[in-house]
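Each chain, written out:
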Amino acid sequence: MKFETIIEPFRIKTVEPIRQTTREERLSAIRGAHYNVFQLNAEDVLIDLLTDSGTGAMSVYQWAGMMRGDESYAGARSFHTFVKSVAGITGFRHVIPTHQGRAAEHILSSAMLQPGDIVPNNTHFDTTRANIEHRGAVALNLPIHEGHQPQTLHPFKGNMDVVALERVLRENAGTVPLVMITVTNNSEGGQPVSMENIRRTSELCRAHGVPFFIDACRFAENAWFIKTREPGYADKAPLEIAQEMFKLADGCTMSAKKDGMANIGGFLAMNDDALAVTCRNSLILTEGFPTYGGLAGYDLEAIAVGLYEALDPDYLQYRVRSVEYLAEKMLAAGIPTVRPAGGHALYLDARAWLSHIPQHQYPGWALSVALYVEGGIRACEIGSVMFGRQPDGSERPADLELVRLAFPRRVYTQSHMDYVAEVLLYLNTISQDLRGVRIVEQPAALRHFTAKFALL
Ligand SMILES: *Cc1c(COP(=O)(O)O)cnc(C)c1O
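Each residue is numbered by its place in its chain's sequence as written, counting from 1. Reporting in this predicted model follows two pLDDT cut-offs: at least 70 for local features of residues, and 80 or more for side-chain atom pairs to be given and counted; totals over whole chains, interfaces and linings ignore these cut-offs and use all residues. Excluded from the side-chain calculations are hydrogens and water; all other atoms, namely the structure's heavy atoms, are used.

What about the site of the ligand?
Point 1. We call a residue near a molecule or strand when any one of its heavy atoms sits within 4 Å of it. In the vicinity of the ligand lie 14 residues, with Arg102, Asp215, Arg218, Ser255 and Lys258 positioned nearest.
Point 2. We define a polar contact as two N or O atoms separated by no more than 3.5 Å, with the added condition that, inside protein, one atom must be a possible hydrogen donor and the other a possible acceptor, whereas residues neighbouring each other in sequence contribute only through side-chain atom pairs. One of the side-chain nitrogen or oxygen atoms of asparagine 186 is found 3.0 Å away from an oxygen atom of the ligand.
Point 3. Take lysine 258: an N or O atom from its side chain is 2.8 Å from an oxygen atom of the ligand.
Point 4. Computed on the free molecule, the ligand has an accessible area of 380 Å², of which 97% lies beneath the protein chains in the complex.
Point 5. Under the DSSP-based scheme used, a helix requires at least four consecutive residues in state H or I and a strand at least two consecutive residues in state E, with every element numbered from the N terminus. Counting residues per element, the shell around the ligand draws most heavily on helix α4 (residues 101-112), at three residues.
Point 6. Counted by class, the shell around the ligand contains two nonpolar, six polar and six charged residues. Exposure was quantified through the Shrake-Rupley algorithm and a 1.4 Å probe, taking into account, for residues, occlusion by the shown protein chains and nothing else. Gly is placed with the polar residues, together with every amino acid not listed as nonpolar (Ala, Val, Leu, Ile, Met, Phe, Trp, Tyr, Cys and Pro) or charged (Asp, Glu, Lys and Arg).

Structure representation (structure tokens):
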């Protein structure tokens, strides 16, 4: 007998209470936060879908690993455990621990980029883009055109536009020191990239002699999508698929706060010996000694275990299904989302849903405020607040106005998602009453974290 219900493949051993608040309390909290959900106290949030980054629950095996943590300054046993784990999946010769993904990006950018250089990617994540621009280089997005069409179904909507990449490589010989591909494509809706697309990108890079790095934050989720959607992979284990993916690249950056199943950590890995020396020297300056990076020995242990737990088929099936479950409820209610559902998050299409709010009044941001006020749910705008400000200080609307409901790993259950769906269905009945926002105060870069807003 094969049963249909996909269950949370774990039982709960430790619980953390979450607190109900009244609408009045939430109104006062969001006013105090200048209408920026990043500025809220987490205690005032009921269901926190702000990010899947570092918010997951660790397993008993990870906690056990932490007790084994070796806190020696140099050459700790935990470092070797960590390297063995990372190398077992990625196959890269050099593994450099960092305190999180952006530190790996910063070190890589410092080592490889000069002002005026161009770095193509299917779509740069915001920290990747900021690190590249910080070096005076250009972060170029080359997603396939379906990536910009929220309603168009495509099994690998996160793919790179390889025709455009070929042209960029040909026309800019000498000024493209690095090509990246982000799996899954976070900023385009958590959409996967096919093995065929990674292979084609890899071939183009090799033909032009340009190093190819994977932004591997969600490598396990991407492997699951390849297994379930790409011909020829159904019988392969997620681990084998991940190994095949990494084999096509020269290195990777990783945030272990995603598919590392850890609360902190990351790494940079590569095959190039000379580049590794440069990166390690920069690591010592900014993160720490090469055998711990910015991490404690126990963090290295938690990641070493977590990377493999992320590849467990039962876990991946539950994870992808959780997001799909909420997506199906939205589709049935006619609430526009990026389709198909992403691996780590459901992306609401605020431009389509709140079409009465013009882009310069930030419909996605307005929706994130409403989700909190009405339901105590915290979500993240990925639209013109996050991407609209250009390096020269000018403003250009983003391609998409999305609100991301990111799913922390192994944290919420189906009834939490039923509650989220109920709140969204309620918002659908009052959507015409929602108003836009304006920016009152903002920093020069990564403004969404700290900008202050007012309701219009
Ligand atoms: C989270 C993330 C990063 C940055 O990692 P941090 O650990 O947050 O610094 C880079 N790229 C992608 C695709 C991400 O999702």
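Next comes the rest of the account.
Quick word on the environment of alanine 310
Point 1. Within the fold, alanine 310 resides in the loop between α11 (297-309) and α12 (313-333).
Point 2. The spatial distance from the C-alpha of alanine 310 to the C-alpha of glycine 260 is 6.9 Å, given a sequence separation of 50 residues.
Point 3. Whether two residues are in contact is decided by their heavy atoms, any of which lying within 4.5 Å being enough. Other than its neighbours up to four places away in sequence, alanine 310 contacts Ala220, Asp259, Met261, Tyr315 and Leu316.

Thoughts on the side chain of histidine 448
Point 1. In this fold, histidine 448 is placed in the loop between β13 (437-441) and β14 (452-455).
Point 2. By relative accessible area, which is 1% here, histidine 448 ends up buried.
Point 3. Beyond its immediate sequence surroundings of up to four residues, histidine 448 is in contact with Asn36, Phe38, Asp126, Trp365, Val385 and Met386. Exposure classes here rest on a 1.4 Å probe applied to the protein chains alone. A residue is buried below 20% of its type maximum, exposed above 50%, and partly exposed in between.

Regarding the layout of surface pockets
Point 1. Both site types are read off a 1 Å grid over the protein atoms alone. A 1.4 Å probe that fits but cannot get out defines a cavity, while an open set with protein on both sides within 12 Å along at least five of seven lines defines a pocket; lining residues have an atom within 4 Å of a point. Grid points are joined across faces, edges and corners, and a volume is the space filled by probe spheres set on the points. If you add up the space inside the largest pocket, you get close to 1,500 Å³.
Point 2. Along the walls of the largest pocket sit 38 residues, with Thr14, Ala57, Met58, Arg410 and Val411 positioned nearest its centre.
Point 3. If you list the elements that add at least two residues to the lining of the largest pocket, you get α2 (60-67) and α12.
Point 4. Considering each element in turn, the lining of the largest pocket owes the most residues, three residues, to α2.
Point 5. Each residue belonging to the lining of the largest pocket can be placed in one class, and the counts come to 19 nonpolar, eight polar and eleven charged.
Point 6. For the lining of the largest pocket, the domains that each give at least three residues are domain 1 (23-52 + 313-455) and domain 2 (60-309). Here the bounds of each domain stem from an automatic or database domain assignment.

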